Amino acid sequence: MTSHVMRSGRHVSPWLALAGFGAAAAAAALIGGLGVSGTASEYQSLEQPPWAPPSWLFGPVWTVLYAMIAVSGWLVWRRTGWSAALNWYAAQLVLNAIWTPIFFGAGRYGLALIDIVVLWVLIGVTIVKFRPVSKLAAGLLVPYLLWVTYATALNAAIWSAN
């Protein structure tokens with residue numbers, strides 16, 4: 001395993017890279033939350049299926065998932081540097097970041113459903129691309145895929161009911 005990757009003839013510290021992956025995951029979370037205030041009250045005002053979770057649950061779940069997403073990307077980077085697998089990773093992170101503004105900011109539940117379905121596919125592709133590089137990195141994304149599967153069903157139910 002490579003402990004650090006050359007970039008422009010210089011070594012990049014693995015800890016600096018981990019901080020970078022953490023910052024990317026945090027940016028996705030912040031983009032999702034910035035400019036979209038009152039999501040808890042909007043969520044509670046929506047017609048929801050009986051299996052919908054309480055709004056307070058999303059913060060703790062996503063905090064853990066974003067940490068796992070960051071470590072997953074970092075593990076692959078440590079072995080390959082920036083690679084095609086990480087392009088898939090970056091693409092899914094962008095779709096993750098824009099879901100909240102689409103759903104809550106714009107109130108476009110159908111468009112958010114399209115976003116999250118494509119996100120789900122990209123997470124799956126990322127897992128497949130990560131597995132040959134690091135089984136641990138791929139495994140760290142499985143809870144994320146499961147949560148997004150649940151969130152996709154919830155998005156569809158809310159779109160249908162509202």
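For the structure itself, consult the block above.
Owing to the predicted nature of the structure, the values given are computational and were not obtained by experimental measurement.

**Points about the overall build of the protein chain**
Counting its regular elements, the protein chain contains six helices and two strands. Reading the protein chain from its N terminus to its C terminus gives the helix and strand order β-β-α-α-α-α-α-α. Its C-alpha radius of gyration of 17 Å places the protein chain within 12% of the 15 Å reference for a compact globule of 162 residues. With the C-alpha coordinates aligned to their principal axes, the bounding extent of the protein chain is approximately 55 × 30 × 25 Å. Counting only residues that meet the buried cut, the protein chain has 44% of its 162 residues in that class. When contacts within the protein chain are restricted to residue pairs at least 6 apart in sequence, long-range pairs at least 24 apart make up 75% of them. Looking at the protein chain as shown, the accessible area adds up to about 8,400 Å², and 69% of this sits on carbon and sulfur atoms.

**What to know about the packing of helix α4 (residues 84-105) against helix α5 (residues 109-130)**
Axis separation between α4 and α5 bottoms out at 8 Å; the angle between their running directions is 160 degrees. It follows from the interaxial angle that α4 and α5 lie roughly antiparallel. Pair α4 / α5 crosses with left-handed handedness. Looking at the contact of α4 with α5 residue by residue, the class counts come to 20 nonpolar, three polar and two charged.

**What about the layout of surface pockets?**
Of the volumes computed, that of the largest pocket is approximately 590 Å³. Along its surface, the largest pocket is lined by 26 residues, and Phe-58, Trp-62, Trp-99, Thr-100 and Phe-104 are the ones closest to its centre. Of the residues belonging to the lining of the largest pocket, the class tally is 18 nonpolar, eight polar and no charged.

**Some thoughts on α5**
With 22 residues, α5 extends 31 Å from end C-alpha to end C-alpha; this agrees with the ideal 32 Å at 1.5 Å per step. Residues of α5 that are buried make contact with α2 (39-45), α3 (58-80), α4 and α6 (135-161).

**Describing the nonpolar core**
Core analysis: the biggest nonpolar cluster contains 50 residues, and Phe-103, Phe-130 and Tyr-144 have the highest contact counts within it. Of all the secondary structure elements, the ones that give two or more residues to this core are α1 (14-33), α3, α4, α5 and α6. Setting aside chain neighbours within four positions, we find Tyr-144 in contact with Trp-62, Leu-65, Ile-69, Gln-92, Asn-96, Leu-119 and Ile-123.

**Topic: a nonpolar patch on the surface**
A surface patch of nonpolar side chains, amounting to about 250 Å² of accessible area, comprises Leu-111, Ile-114 and Val-118. With respect to the secondary-structure elements, Ile-114 resides in helix α5. A residue is classified by how much of its surface remains accessible, and Ile-114, at 55% relative accessible area, is exposed.

Reading the values: the criteria
- Residues numbered from 1 in each chain as written.
- Predicted model: local features only at pLDDT ≥ 70, side-chain atom pairs only at ≥ 80, totals over all residues.
- Heavy atoms only, no water.
- Helix = DSSP H or I, 4+ residues; strand = E, 2+ residues; numbered from the N terminus.
- Rg over C-alpha atoms; globule rule 2.2 N^0.38 Å.
- Buried < 20%, exposed > 50% of the residue type's maximum accessible area, 1.4 Å probe, protein only.
- Contact = heavy atoms within 4.5 Å.
- Areas by Shrake-Rupley, 256 points an atom, 1.4 Å probe, with all protein chains shown as cover.
- Axes fitted to C-alpha atoms, helices over the stretch in contact; angles between N-to-C directions.
- Parallel < 35°, antiparallel > 145°, perpendicular 65-115°, else oblique.
- Left-handed = near helix turned anticlockwise from the far one by under 90°.
- Nonpolar A, V, L, I, M, F, W, Y, C, P; charged D, E, K, R; others polar.
- 1 Å grid on protein atoms, 1.4 Å probe; cavity = no way out; pocket = protein on both sides within 12 Å on 5 of 7 lines; lining within 4 Å.
- Points joined across faces, edges and corners; volume = space filled by probe spheres on them.
- Expected span 1.5 Å × (residues − 1).
- Core = buried A, V, L, I, M, F, W, Y, C linked by side-chain atoms within 4.5 Å.
- Patch = residues over 30% accessible without salt bridge, like charges linked within 9 Å, V, L, I, M, F, W, Y side chains within 5 Å.
- Salt bridge = Lys/Arg side-chain N within 4 Å of Asp/Glu carboxyl O.

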